[in-house]
Amino acid sequence: MAAQTHGAVDSLLGLLSSAIKDEAQMLGGVHGDVQFIKDEMDSMNGFLMHLTKTTESEHDDQLRAWTKQVRDIAYVAEDCIEVYVRDLSPPDAGVLAFLRHLPVYLRMAPSRHRVATKIRELKLRVREVGERRHRPCHGDQAVG
């Protein structure tokens, strides 16, 4: 009986180790995505600071639309990162703390995955908005 139980527990531990490794890789990816979002938002913020030194009348419709998109992304990103930090970030106190929090960690895996997916989508949206700022407006394109 003990041998069967040991086999079942050993199998479960292997499965959990694999799940934890996959989760760690996903969370590692989230860290890179969050860093990208931070860097891109820093760049956008610098451009916005430059815009505050100009008059509103100098801002065209395309620039106003871009500014609104940046504001919307900032609100969505703030909400998403707050949820991650408050509810889903793993304990930082080493293996023992991780093992103690393992049941909570496993229970939160679906939520963590949803937030990681949302952060990944947010990264793509931030990239698109950042690139949009560098596109010429229709009036600046050569007609030919």
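Residues numbered from 1 in each chain as written. Predicted model: local features only at pLDDT ≥ 70, side-chain atom pairs only at ≥ 80, totals over all residues. Heavy atoms only, no water.

Labelled according to an unreviewed UniProt entry, the protein chain appears under the name Disease resistance N-terminal domain-containing protein, originating from Paspalum notatum var. saurae. Checking UniProt for the protein chain, the heading Sequence similarities (unreviewed entry) contains the comment "Belongs to the disease resistance NB-LRR family." (UniProt positions renumbered as here; feature names shortened; annotations may be inferred.)

In terms of helices and strands, the protein chain carries five helices and zero strands. Taken from N to C terminus, the helices and strands of the protein chain fall in the order α-α-α-α-α. Out of the 144 residues in the protein chain, the part that is buried amounts to 24%. For the protein chain, long-range pairs separated by at least 24 residues make up 77% of all intrachain contacts whose partners lie at least 6 apart in sequence. (Helix = DSSP H or I, 4+ residues; strand = E, 2+ residues; numbered from the N terminus. Buried < 20%, exposed > 50% of the residue type's maximum accessible area, 1.4 Å probe, protein only. Contact = heavy atoms within 4.5 Å.)

Here the focus is the confidence of the model for the protein chain. Here the protein chain averages 74 in pLDDT, while 67% of its residues score no lower than 70. Within the protein chain, no element has a lower average pLDDT than helix α3 (residues 94-100), which sits at 71, and none a higher one than helix α5 (residues 109-134), at 84. Across residues 138-144 the pLDDT falls below 50, and counting only partners more than four positions away or on other chains, this stretch makes one contact in the model. (pLDDT = per-residue confidence, 0-100.)

Centre-to-centre distance and the angle between the planes together describe a pair of aromatic rings. Applying the stated criterion across every chain yields a total of one aromatic pair. Between Phe47 and Trp66, the ring centres sit 5.5 Å apart and the planes meet at 85 degrees, which makes this aromatic pair edge-to-face. Taken as a pair, Phe47 in helix α1 (residues 2-52) and Trp66 in helix α2 (residues 61-88) lie far apart in primary sequence, 19 residues in all. Taking the ring centre of Phe36 as reference, the NZ or CZ of Lys123 above it sits at 5.3 Å. Over the ring of Phe36 we find Arg127; its NZ or CZ atom is 4.8 Å from the centre of that ring. (Phe/Tyr/Trp six-rings, centres within 6.5 Å; stacked < 30°, edge-to-face > 60°. Lys NZ or Arg CZ within 6 Å of the ring centre and 35° of its normal.)

Let us now look at the pattern of salt bridges. Charged atoms that come close allow side chains of opposite charge to pair. Tallied over the full model, the rule gives four salt bridges. Linking Asp33 and Arg120 is a salt bridge whose minimum nitrogen-to-oxygen distance equals 3.3 Å. Pair noted here: Asp33 is in helix α1 and Arg120 is in helix α5, with a separation of 87 residues, a long-range link. Between Asp33 and Lys123 there is a salt bridge, with its nearest N and O atoms 3.3 Å apart. Of this pair, Asp33 sits in helix α1 while Lys123 sits in helix α5, placing them 90 residues apart in sequence. The class of Asp33 is buried, set by a relative accessible area of 7%. If you follow the salt bridges from partner to partner, you end up with Asp33, Arg120 and Lys123 in one network. (Salt bridge = Lys/Arg side-chain N within 4 Å of Asp/Glu carboxyl O.)

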